[in-house]
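# Inside the fold
If you want the building blocks of each chain, they are given just below.
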Amino acid sequence: MAQTDTATRGNWNSKLGFILAAAGSAVGLGNIWRFPTEAASNGGGAFLIIYLICCFLIGFPVMMAEISMGRKTGKNPVGAFKALSSNKFYPLIGMWGVLCGVMILSFYTVVAGWTVSYVLEEILFFAGNPEWATWIGNTGNGWLNAIFSVAFMSATVSIIMGGVSDGIERATKTLMPLLFVILIVLIGYVVMQPGSGKGLATYLRPDFSMVTPALIFDAMGQAFFSLSLGMGALITYGSYLSKKENVPQAAALVTTTDTIVAFLAGLLIIPTMYMAQAQGITIFNASGDLIAGPALIFQVLPSLFHELGGLWGAMLGITFFVLLSVAALTSTISLLEVPVSYAIDEFQIKRKKAAMYIGLGILAVSLVISFQTSLIGVLDTIFSQIGLPLGGILICLFLSYEWKVQNAFEELDTGNPGFSQSLVGKVWKVMVMIVCPIVILYNLLSPYL
Ligand code: PFF
């Protein structure tokens, strides 16, 4: 099996570099806008518990599977399947991953562009230009969407052009601590405000009567999206990881960081919504559910920041959207790195050229979406809600029955001697071979059963 020269492909300078890059991929818009509202409108603490189970029982084993395949082969998702099996069918799983990455990035870039436009919207508003603020904050304006998508894609491409350690690692080492600090400061402010206690109660009090198959489906989809699983992002990031590192421990740290950030984002968003309600802002939609998604982030929250006014309103508003932009950027770089690593490994294209052309190609799709934002929901359903869990099942089945668990254990024991004999190792084997594929499949089909 060909082992690529990692010195020319690039590698992480340190274990922390890998953890922060992978956690940066995981921590994104999914954590900050999707998770909190899903939790609050689906049984609060009950959703949280189910989500945690999905992350650690299903997500974590799949993450280990991906990282071990990447590190073993030192390849992109397509190359990894090629290197581990002579059957020509299996690289199609990697191709599906690359396609999901490309399509997710195309709409993610548009939404990420909105987060930047809202940094400006808040600045303009608090600088005393409410008309300009309203104009720039119009997410229905295709031209504006296009401009901000170009800006966001340019930032993503320039980081990817820098390479693995000088681009991705350097950027995430700065951005991730920044994200943590902003999140903690914002939570500190919000939980001291009137009305936020009601939000905390809604978020944390478990209502088990709301637990249904549909809710479990949501929690599982959210776990896959949030942990960046099922499309080979972690095969790619794992391929730059040194053989001396401990894969199970690294996967555990990434899963934990992502869940902590999702949990913290809930502590920020839900109390903020109730704070908004205390200010007279509507936080429920016509059917009585908490307003979620773009309407929450780009309407409810800015109304609150504006209502608060003054220095606090300005600080809260501007830093909140900087937080979102940072979270989005560390995710878009991992989404772009997947097709770029594929082009570098399989077609021997130079990194800078690959980043530029692939970035441009994906941007072309983002431009269409900029004018046709209803496509976001459709693409999200196909490529993230269905595509990622599907990829996850195929990765587990491939590892278990084609590459074989024994070989994966050999890789996992490298850097963590004795892992295969440990209890976690034995449980992992049962999870990837049987439990994960069945549970994910059942879950994918459950809306039709
Ligand atoms: N995990 C990111 C989020 O929660 O926003 C989204 C994502 C990034 C999904 C990278 C998949 C991926 F490969």
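Coordinates for the structure precede this section.
Residues numbered from 1 in each chain as written. Predicted model: local features only at pLDDT ≥ 70, side-chain atom pairs only at ≥ 80, totals over all residues. Heavy atoms only, no water.

## Quick notes on the overall build of the chain
Looking only at helices and strands, the chain has 18 helices and zero strands in total. By the compact-globule yardstick of 22 Å for 449 residues, the chain fits well, its C-alpha radius of gyration being 21 Å. Taking the principal axes of the C-alpha coordinates as reference, the chain spans close to 65 × 50 × 40 Å. Looking at the chain as a whole, 59% of its 449 residues qualify as buried. (Helix = DSSP H or I, 4+ residues; strand = E, 2+ residues; numbered from the N terminus. Rg over C-alpha atoms; globule rule 2.2 N^0.38 Å. Buried < 20%, exposed > 50% of the residue type's maximum accessible area, 1.4 Å probe, protein only.)

## A short note on unusual backbone geometry
Backbone geometry places Q348, a non-glycine residue, at a positive phi of 50 degrees. By secondary structure assignment, the location of Q348 is in the loop between α15 (310-347) and α16 (351-371). Phi angles above zero are rare outside glycine, and K404 is one such case at about 90 degrees. Following the sequence through the fold, K404 ends up in helix α17 (residues 375-413). On the basis of relative accessible area, K404 is assigned to the partly exposed category, the value being 42%.

## Observations concerning the side chain of T172
Relative to the helices and strands, T172 resides in helix α9 (residues 164-190). Once residues lying within four places of it in the same chain are set aside, the contact partners of T172 are L20, A21, P177, T330 and I333. (Contact = heavy atoms within 4.5 Å.)

## Quick notes on the site of the ligand
Looking at the ligand, there are 15 residues lining it, with A26, G30, Y108, F225 and M231 nearest. Interatomic distance of 2.5 Å between a side-chain N/O atom of Y108 and an oxygen atom of the ligand. The backbone of S226 places a nitrogen or oxygen atom 3.1 Å from a nitrogen atom of the ligand. Considering the ligand on its own, with 340 Å² of exposed area, one finds that the protein chains cover 100% of that surface. At a threshold of 2 Å from the grid points, most atoms of the ligand map onto the largest cavity. Counting residues per element, the ones that place at least two in the shell around the ligand are α2 (15-26), α3 (29-41), α11 (213-226) and α15. Looking at the shell around the ligand residue by residue, the classes come out as seven nonpolar, eight polar and no charged. (Near = heavy atom within 4 Å. Polar contact = N/O pair within 3.5 Å; in protein donor to acceptor, adjacent residues only side chain to side chain. Areas by Shrake-Rupley, 256 points an atom, 1.4 Å probe, with all protein chains shown as cover. 1 Å grid on protein atoms, 1.4 Å probe; cavity = no way out; pocket = protein on both sides within 12 Å on 5 of 7 lines; lining within 4 Å. Sits in = over half its atoms within 2 Å of the grid points. Nonpolar A, V, L, I, M, F, W, Y, C, P; charged D, E, K, R; others polar.)

## Looking at the nonpolar core
One finds I297, F320 and W428 to be the most contacted residues of the largest nonpolar core, which totals 151 residues. Those residues within four positions of I297 in sequence are excluded, and the remaining contacts are W33, I269, P302, F320, F321 and L324. (Core = buried A, V, L, I, M, F, W, Y, C linked by side-chain atoms within 4.5 Å.)

## Overview of a nonpolar patch on the surface
The grouping of I49, I53, L57, F208, V211 and I216 at the surface amounts to a nonpolar patch, some 500 Å² of accessible area in total. With three residues, the single largest contributor to the nonpolar patch is helix α4 (residues 45-73). With relative accessibility at 46%, the residue L57 sits in the partly exposed group. (Patch = residues over 30% accessible without salt bridge, like charges linked within 9 Å, V, L, I, M, F, W, Y side chains within 5 Å. Salt bridge = Lys/Arg side-chain N within 4 Å of Asp/Glu carboxyl O.)

## Re the layout of surface pockets
Volume-wise, the largest pocket comes out at about 410 Å³. As for the largest pocket, its lining consists of 20 residues, of which W33, R34, E38, A292 and G293 are closest to the centre. Listing elements by their share of the lining of the largest pocket, those giving two or more residues are α3, α6 (91-126) and α17. The class makeup of the residues in the lining of the largest pocket is nine nonpolar, seven polar and four charged. (Points joined across faces, edges and corners; volume = space filled by probe spheres on them.)

## Thoughts on empty space enclosed by the protein
Counted by the stated rule, this structure contains six cavities of 30 Å³ or more. The computed volume of the largest cavity comes to approximately 140 Å³. If you trace the largest cavity, you find 16 residues lining it, with S25, Y108, F225, S228 and L335 closest to the centre. When contributions to the lining of the largest cavity are tallied by element, the ones reaching two or more residues are α2, α3, α6, α11 and α15. In terms of residue class, the lining of the largest cavity is made up of eight nonpolar, eight polar and no charged.

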